[in-house]
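This is what each chain is made of:
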Amino acid sequence: GENVEQHPSTLSVQEGDSAVIKCTYSDSASNYFPWYKQELGKRPQLIIDIRSNVGEKKDQRIAVTLNKTAKHFSLHITETQPEDSAVYFCAASKATGNQFYFGTGTSLTVIP
Amino acid sequence: EPEVTQTPSHQVTQMGQEVILRCVPISNHLYFYWYRQILGQKVEFLVSFYNNEISEKSEIFDDQFSVERPDGSNFTLKIRSTKLEDSAMYFCASSGPRQGHQPQHFGDGTRLSIL
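The sections below set out a description of the structure shown in this document. Think of each chain on its own: its residues are numbered from 1, step by step along the sequence as written. Whichever chain is written first becomes A and whichever ligand is written first becomes 1, with later ones labelled in order. Two thresholds apply to this predicted model, a pLDDT of at least 70 for residue-level local features and 80 or more for giving and counting side-chain atom pairs, whereas whole-chain, interface and lining totals are computed over all residues. To get the side-chain values, take all heavy atoms of the structure and skip hydrogens and water.

### Details of the overall build of chain B
Part 1: For the purposes of this entry, the term helix denotes a DSSP run of H or I that reaches at least four residues, the term strand denotes a run of E that reaches at least two, and both are numbered from the N terminus. Scanning chain B from N- to C-terminus turns up 0 helices and 11 strands.
Part 2: Radius of gyration means the value over C-alpha atoms here, while the globule rule gives 2.2 Å times the residue count to the 0.38 power. In terms of overall dimensions, chain B is globule-like: its C-alpha atoms have a radius of gyration of 13 Å, near the 13 Å expected for 115 residues.
Part 3: With the principal axes as the frame, chain B shows a C-alpha extent of 40 × 25 × 25 Å.
Part 4: Partly exposed describes any residue whose relative accessible area lies between the buried limit of under 20% and the exposed limit of over 50%, with all areas from a 1.4 Å probe on protein chains only and scaled to the type maximum. Burial status across chain B gives 47% buried among its 115 residues.
Part 5: In chain B, the proportion of contacts linking residues at least 24 apart, taken out of those at least 6 apart, comes to 54%.
Part 6: Under the convention used here, a 1.4 Å probe and the Shrake-Rupley method define accessible areas, while residue burial counts only the protein chains that appear. Roughly 5800 Å² of accessible area belongs to chain B as shown, and the carbon and sulfur atoms make up 46% of that amount.
Part 7: The distance from the centre of the 10 positive side-chain charges to the centre of the 14 negative ones in chain B is 1 Å. Contacts: residue pairs with any heavy atoms within 4.5 Å of one another. For the purpose of counting charges, residues Lys and Arg are taken to be positive, whereas Asp and Glu are taken to be negative. His and the chain ends are not included. Taken as the charge location is NZ of Lys, CZ of Arg, CG of Asp or CD of Glu.

Encoded structure:
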């Protein structure tokens, strides 16, 4: 089955700096890659996703890049703010209705 | 914006008892899921449900677990004979209705504590 690895497990950045979180996956059939933000005690919330026919997607301060050949994808947050502090999970999926395979999460702390 | 709703928010149960966790998916979604998250760990898939039947399940989802869509709006997870290690946050999610990849929308979760 699919194995998603995520690094780093913790990340601290100064407010205004950029943060990058990286994930790798093992199954070349995976073709959908969402990113979720989870604040303490709350639901995972989708922040951005990318499909395998696209190499990069951007939404304001958030961007995701995908390298299908290397089987890795990354989340980039620019101009970080304290409210960006949360745990971020990457995931991979093969088709509609199929399970998401989640990474182990990155705890991001933005220091004011 | 429509949301997935889950009840109860917190369930405390004695070991060996049965629990039913309830979810109301987003109304026009067709795919439903249960995940669990042990404190401080990643989200783990339990089961997916489509067209009134299980479409996929993980190794965690053994005979102790069952799911049901008893009516047009609810989606339930039943855990029989609960064990201490069943203590976790259980998330319901839904996606759809179109073909192609759709993001899964999560509920707020039910925190299950087994004593």
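So, next bit.
### With respect to the packing of aromatic side chains
Part 1: Any pair of Phe, Tyr and Trp rings, taking the six-membered ring for Trp, is counted once the centres come within 6.5 Å. Such a pair is stacked with planes under 30 degrees apart, edge-to-face with planes over 60 apart, and tilted for the rest. The tally for this structure, following the rule as stated, stands at 21 aromatic pairs over all chains.
Part 2: Aromatic pair Tyr 36 of chain A and Phe 100 of chain A: ring centres 6.3 Å apart, planes at 55 degrees, arrangement tilted. Here Tyr 36 of chain A, found in strand β4 (residues 32-38), pairs with Phe 100 of chain A, found in the loop between β9 (86-92) and β10 (101-102); they are 64 residues apart in sequence, far enough to count as distant.
Part 3: Look at Tyr 36 of chain A and you get buried, because its relative accessible area is 1%.
Part 4: The class for Phe 100 of chain A is buried, based on a relative accessible area of 2%.
Part 5: With 5.3 Å between their ring centres and 45 degrees between their planes, Tyr 35 of chain B and Phe 106 of chain B make a pair best called tilted.

### Details of the interface of chain A and chain B
Part 1: Taken residue by residue, the interface counts 23 residues in chain A and 24 residues in chain B.
Part 2: Buried area: the sum, over both parts, of the accessible surface (1.4 Å probe) that disappears when the two are put together. Carbon and sulfur atoms supply 51% of the area buried between chain A and chain B, which totals about 2000 Å² over both sides.
Part 3: We define a salt bridge as a contact between a side-chain nitrogen of Lys or Arg and a carboxyl oxygen of Asp or Glu at a distance within 4 Å. Linking chain A to chain B there are 2 salt bridges.
Part 4: For Asp 108 of chain B, the salt bridge is made with Arg 43 of chain A, and the minimal N-O distance between the two is 2.7 Å.
Part 5: Any N or O atom pair separated by 3.5 Å or less is treated as a polar contact, with the protein-specific requirement of one donor-capable and one acceptor-capable atom, and with residues adjacent in sequence counted only for side-chain atom pairs. Applying the counting criterion to the chain A and chain B interface returns 7 residue pairs in polar contact (both at pLDDT 80 or more).
Part 6: Mapped onto the side of chain A that touches chain B, the elements with two or more residues apiece are β4, β5 (45-51) and β10 of chain A.
Part 7: Ten residues, namely Ala, Val, Leu, Ile, Met, Phe, Trp, Tyr, Cys and Pro, are considered nonpolar, four, namely Asp, Glu, Lys and Arg, are considered charged, and the remaining ones, Gly among them, are considered polar. Among the residues forming the side of chain A that touches chain B, the class breakdown is 9 nonpolar, 9 polar and 5 charged.

### Some points on the side chain of Gln 6 of chain A
All names here are of chain A.
Part 1: Relative to the elements of secondary structure, Gln 6 occurs in strand β1 (residues 4-7).
Part 2: On the basis of relative accessible area, Gln 6 is assigned to the buried category, the value being 3%.
Part 3: Within the local environment of Gln 6, its side chain forms a polar contact with the backbone nitrogen of Cys 90, the two atoms lying 3.3 Å apart.
Part 4: A polar side-chain atom of Gln 6 sits 3.0 Å from the main-chain amide nitrogen of Gly 105.
Part 5: Beyond its immediate sequence surroundings of up to four residues, Gln 6 is in contact with Ile 21, Lys 22, Cys 23, Trp 35, Tyr 88, Phe 89, Cys 90, Gly 103, Thr 104, Gly 105 and Thr 106.

### Examining the sheet that holds strand β1 (residues 5-7) of chain B
All names here are of chain B.
Part 1: One bridge is not enough; two strands pair if DSSP finds at least two bridges between them. With antiparallel pairing, the 4 strands of this open sheet are ordered in space as β1-β3-β8-β7. Looking at strand neighbours, the two that pair on one side only are β1 and β7 (65-68), the edges of this open sheet. Strand-to-strand, the axes of this sheet are offset by a mean angle of 20 degrees, without reference to chain direction.
Part 2: Bridge count for β7 against strand β8 (residues 75-79) is 4 bridges, and the pairing is antiparallel. Paired with Phe 65 across the bridge in β8 is Ile 79. Lines fitted to C-alpha atoms define the axes, with helix axes restricted to the stretch in contact, and inter-axis angles between N-to-C directions lie between 0 and 180 degrees.

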